[in-house]
Amino acid sequence: MQPHRSEYWLFPKIDDWDTFKERVGKVCGAIRAATEGQDADCELVSVDEKTSIQAKKRIAKDQSMAKDRLRRLEGEYKRNGSRCLTGAFSVGEGKVVNHVLSEERKEEDFLNFVKDTVEVLSEKKEIIFMLDQLNTHRSASLVEWIAEKNGYKGELGKKGCSGILKSMKSRQEFLESPQHKIRFLFTPRHCSWLNPIEIWFSKLQRHVIRYGNFEGVEDLIQKIEDYIVYYNRCLVKKLNWKFDGFTKDVPIEHNKG
């Protein structure tokens, strides 16, 4: 008998539990160090994309709250386009330090975002980007730029053939090198919840998007921009991170996937 589909969501397949547990602990350690201010010259930046944010225009007004009645939202709407939000969240300060709203999220778009974020944080001696293992986050162009910025003099090889550029794995290992002043720390697969910017994305969803009524894409962009300014001024709150990783082995039946 095959397990119910939801069981796959609850217990994803993890090939090597020890390696997975070690990476989770490493990510949590970096978050702890940032929130506790252990190194003022090092900036841990949590990065991710919130894709397909729709500019929905509801066809009728909401019904306001009344006694013993919740606010009622119109269920039908018109789609007026969408945008992808790429954000950089300072784990130590608890605020958004860079963002961009774009139509797509191509390799060159992400590279340009990293470049802009490094420029914003140029006063820092060390910058660590925390992010998931999306292909565009481990691109050849990103490796080449990071190598240049870190003064790497060795051979990078050729994409798909040899050297550092050969594969996603080899590129990821290079990007995570502790010798680099600008480096990356990738969360494990199935662990988007470990990335602190997801906490901020959930606030944006609740405060702006879920109940939003947008005349068009420009209206959507403006309201997100306004919220980011307001959040950084009035709602900034340091993370109270308590999870330090898994201390026990996962039950065998939960690790089969």
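Residues numbered from 1 in each chain as written. Predicted model: local features only at pLDDT ≥ 70, side-chain atom pairs only at ≥ 80, totals over all residues. Heavy atoms only, no water.

## Remarks on the overall build of the protein chain
- Tallying secondary structure elements over the protein chain gives seven helices and five strands in all.
- N-terminal to C-terminal, the α/β element order of the protein chain is α-α-β-β-β-α-β-α-α-β-α-α.
- In the protein chain, which comprises 257 residues, the proportion classed as buried is 40%.
- Taking the contacts inside the protein chain whose residues are at least 6 apart along the sequence as the reference set, 72% of them involve residues at least 24 apart.
- On the protein chain, roughly 15,500 Å² of surface is accessible, and the fraction owed to carbon and sulfur atoms is 48%. (Helix = DSSP H or I, 4+ residues; strand = E, 2+ residues; numbered from the N terminus. Buried < 20%, exposed > 50% of the residue type's maximum accessible area, 1.4 Å probe, protein only. Contact = heavy atoms within 4.5 Å. Areas by Shrake-Rupley, 256 points an atom, 1.4 Å probe, with all protein chains shown as cover.)

## Details of the pattern of salt bridges
- Counted by the stated rule, this structure contains eleven salt bridges.
- Across the salt bridge formed by R32 and D244, the nearest N and O atoms sit 2.8 Å from each other. In this pair, R32 is assigned in helix 2 (residues 17-35) and D244 in the segment after helix 7 (217-235), connecting sequence segments 212 residues apart.
- Judged by its relative accessible area of 24%, R32 falls in the partly exposed class.
- Between E126 and R183 there is a salt bridge, with the nearest N and O atoms lying 3.1 Å from each other. Placement of E126 in strand 4 (residues 126-131) and of R183 in strand 5 (residues 182-186) is noted, with a sequence separation of 57 residues between them.
- Residue class for R183 comes out buried when judged on its relative accessible area of 17%.
- What you see here is one network of salt bridges that share partners, running through R32, E36 and D244. (Salt bridge = Lys/Arg side-chain N within 4 Å of Asp/Glu carboxyl O.)

## What about the packing of helix 3 (residues 107-120) against helix 4 (residues 140-149)?
- Between helix 3 and helix 4, the shortest axis-to-axis distance is 9 Å and the interhelical angle comes to 25 degrees. Classified by the angle between their axes, helix 3 and helix 4 sit roughly parallel to one another. In terms of crossing hand, the pair formed by helix 3 and helix 4 is right-handed. In this structure, helix 3 contributes E107, F110, L111, V114, K115 and V118 to the contact, and helix 4 contributes A140, S141, L142 and W145.
- Across the contact of helix 3 with helix 4, the residue classes break down as seven nonpolar, one polar and two charged. (Axes fitted to C-alpha atoms, helices over the stretch in contact; angles between N-to-C directions. Parallel < 35°, antiparallel > 145°, perpendicular 65-115°, else oblique. Left-handed = near helix turned anticlockwise from the far one by under 90°. Nonpolar A, V, L, I, M, F, W, Y, C, P; charged D, E, K, R; others polar.)

## Here we look at helix 3
- For helix 3, with 14 residues, the first-to-last C-alpha span of 20 Å sits near the 20 Å given by 1.5 Å per residue.
- Buried within helix 3 we find F110, L111, F113, V114, T117 and V118. Projected onto a plane normal to the axis of helix 3, the buried residues spread over an arc of 160 degrees and lie on a single side. (Expected span 1.5 Å × (residues − 1). Arc of directions from axis to C-beta.)

## Topic: the environment of E108
- By secondary structure assignment, the location of E108 is in helix 3.
- With a relative accessible area of 45%, E108 lands in the partly exposed category.
- Put simply, E108 and T136 are 28 residues apart on the chain and 8.5 Å apart in space, counted from C-alpha to C-alpha.

## Focus on helix 4
- The buried count for helix 4 comes to seven of ten residues, which makes it a mostly enclosed element.
- Inspection of helix 4 places A140, S141, L142, V143, W145, I146 and A147 among the buried residues, and these make up the whole buried set.
- Looking at the buried residues of helix 4, the elements they touch are helix 3, helix 5 (168-175) and strand 5.

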